[in-house]
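A look at the structure
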Amino acid sequence: MSENRIKTENKTHKMTEGNPLSTILLFALPMIFSNLCQQLYNVIDTVIVGQRLGTDALAAVGSASSITAVFVQLATGFALGGSIVIAQYFGAGKTEKMWQCTTTSVIFSAGVGLVSTISIWILAKPLLLFVNTPEEIVGMGVSYLRYYFLGCIPIFVYNALNSVYVALGDSKTPLRFLIISSIFNVLLDLLFIIGLQGGVGGAALATAISQLAAAFLAMHDIPKLLAGFEHDKAFPLFDKTLLYTMLRFALPSALQQSIVSVGSVVVQATINSFGASVIAGSAAATKVVNLATAIPINYSNAYSNYVGQNIGAGKEERIWPGLRASILSCGILSLVMTIVFELFPNRIIGFFIEGTETDIEQVIAVGASYIRVVGAFLVVFSVYMLVKATFKGSGDMSWFILTTLLSFFIRLFLTVGFAHIVGVGVIWWAFCIGWSIALLVALARYLQGGWRKKRIIP
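Small disclaimer: the values here were computed from a predicted structure and weren't measured.

**Describing the overall build of the protein chain**
- Per the secondary structure count, the protein chain includes 16 helices and 0 strands.
- Counting only residues that meet the buried cut, the protein chain has 59% of its 458 residues in that class.
- Pairs at least 24 residues apart make up 85% of the contacts formed inside the protein chain by residues separated by at least 6 positions.
- Summing over all exposed atoms, the protein chain offers an accessible surface of approximately 18200 Å²; the carbon and sulfur share of this is 67%.

**Considering the packing of helix H4 (residues 98–130) against helix H8 (residues 199–226)**
- At a minimum axis separation of 10 Å, H4 and H8 run at an interaxial angle of 160 degrees. One way to sum up the angle between H4 and H8 is to call them roughly antiparallel. Here H4 runs over H8; the crossing is right-handed. Every residue of H8 that contacts H4 at Met98, Trp99 and Thr102 is listed here: Ile222, Pro223 and Leu226.
- Each residue belonging to the contact of H4 with H8 can be placed in one class, and the counts come to 5 nonpolar, 1 polar and no charged.

**Here's the deal with the packing of helix H7 (residues 172–195) against H8**
- Put simply, H7 and H8 touch, their axes get as near as 8 Å, and they point 155 degrees apart. The angle between the axes of H7 and H8 places the two elements in the roughly antiparallel class. Between H7 and H8 lies a crossing whose hand is right-handed.
- Residue classes in the contact of H7 with H8 are distributed as 14 nonpolar, 8 polar and 3 charged.

Cut-offs used in this document
- Residues numbered from 1 in each chain as written.
- Predicted model: local features only at pLDDT ≥ 70, side-chain atom pairs only at ≥ 80, totals over all residues.
- Heavy atoms only, no water.
- Helix = DSSP H or I, 4+ residues; strand = E, 2+ residues; numbered from the N terminus.
- Buried < 20%, exposed > 50% of the residue type's maximum accessible area, 1.4 Å probe, protein only.
- Contact = heavy atoms within 4.5 Å.
- Areas by Shrake-Rupley, 256 points an atom, 1.4 Å probe, with all protein chains shown as cover.
- Axes fitted to C-alpha atoms, helices over the stretch in contact; angles between N-to-C directions.
- Parallel < 35°, antiparallel > 145°, perpendicular 65-115°, else oblique.
- Left-handed = near helix turned anticlockwise from the far one by under 90°.
- Nonpolar A, V, L, I, M, F, W, Y, C, P; charged D, E, K, R; others polar.

Below, the structure is given as structure tokens:
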């Protein structure tokens, strides 16, 4: 066996053998920590902006974040196609196409990232006005968007490369990259916001540069991961047939992610109509909730890779034990977060802000209400994410997308239809009602078993 092959096998992780609980958990934990690093430096961004620049700046970042989420989710959706295809080929032992899948995905993702960057530099202000951003904070929002999107190409490229690591079972290497990137981001925040007085544009630029660092590290390392896989050294870097195969899964996911994200912009517009204090409280709470939901989201990504590899290897009998073990372990982690949210909501939100006493009280009240309601349903969210991850791993994308859109449209309907009748609190409850109903539908599909027939590899 060649030295490159040995190194590759040491880094990759086959999930078709061994105890499902330990197999998934050991793979999931670095993925969870990776995303927590991302979410943590987003939280630190928010803290520094809120503490140093004030409520208006925090509100501007909150309004802009609903727009940046559209493109981040788009990058994630495109990466998903590559991840599903590579995981099933890897499980089946057909590894000769790994290099070409990777280069094709990276080139395509970089092109989409470039188009996204140009679009935002032209349309930043109209988009912020479209989501009812208060006039007095539009200028700060434009500055944040334009500087943030200097890192859009790295975001797309990193997601494409990260999907390769995930598909091959290497969750530790991306964790190392994101720890480095997160530390870099915090240091740049301190330099640009406090040292150079760069305002919200400085916060966005710090994030863009840290994303570039993560993408650079991944591009430097990925040849080492793939070195042990056989490939034609003269292969074309871009293969239309492979791109089509990946887009079969990526486009529905990217479309679904985009619909959800655009709808989230509409939800943000509803939040914005309640004024700067509600925007600021919601922005702070969103960062905290994202930190908590990172656990089930990334656990479900690990589990879907487990499903993909076992489907590819023809070991479907391992899927139910894997789901059962994932629900148990992920549910316990989510329950811990629920307890924290219920016991310390005011203290958590109060960590983000400084200002007049009236501003602080209103912002804390909004944010605390948000995290207490959503926190109570984190276990429901965990089960929902894991059940529908079965569909993603098996290639049953229609039901994966259906359950996602069902949850979202329930949220959108309740928010737009009732927020100004019942009050802003209905927006937080809309999350929970959407998750609960979509979970029931996902369970029905899982028990019906049609997802078993959607495998990519014959």
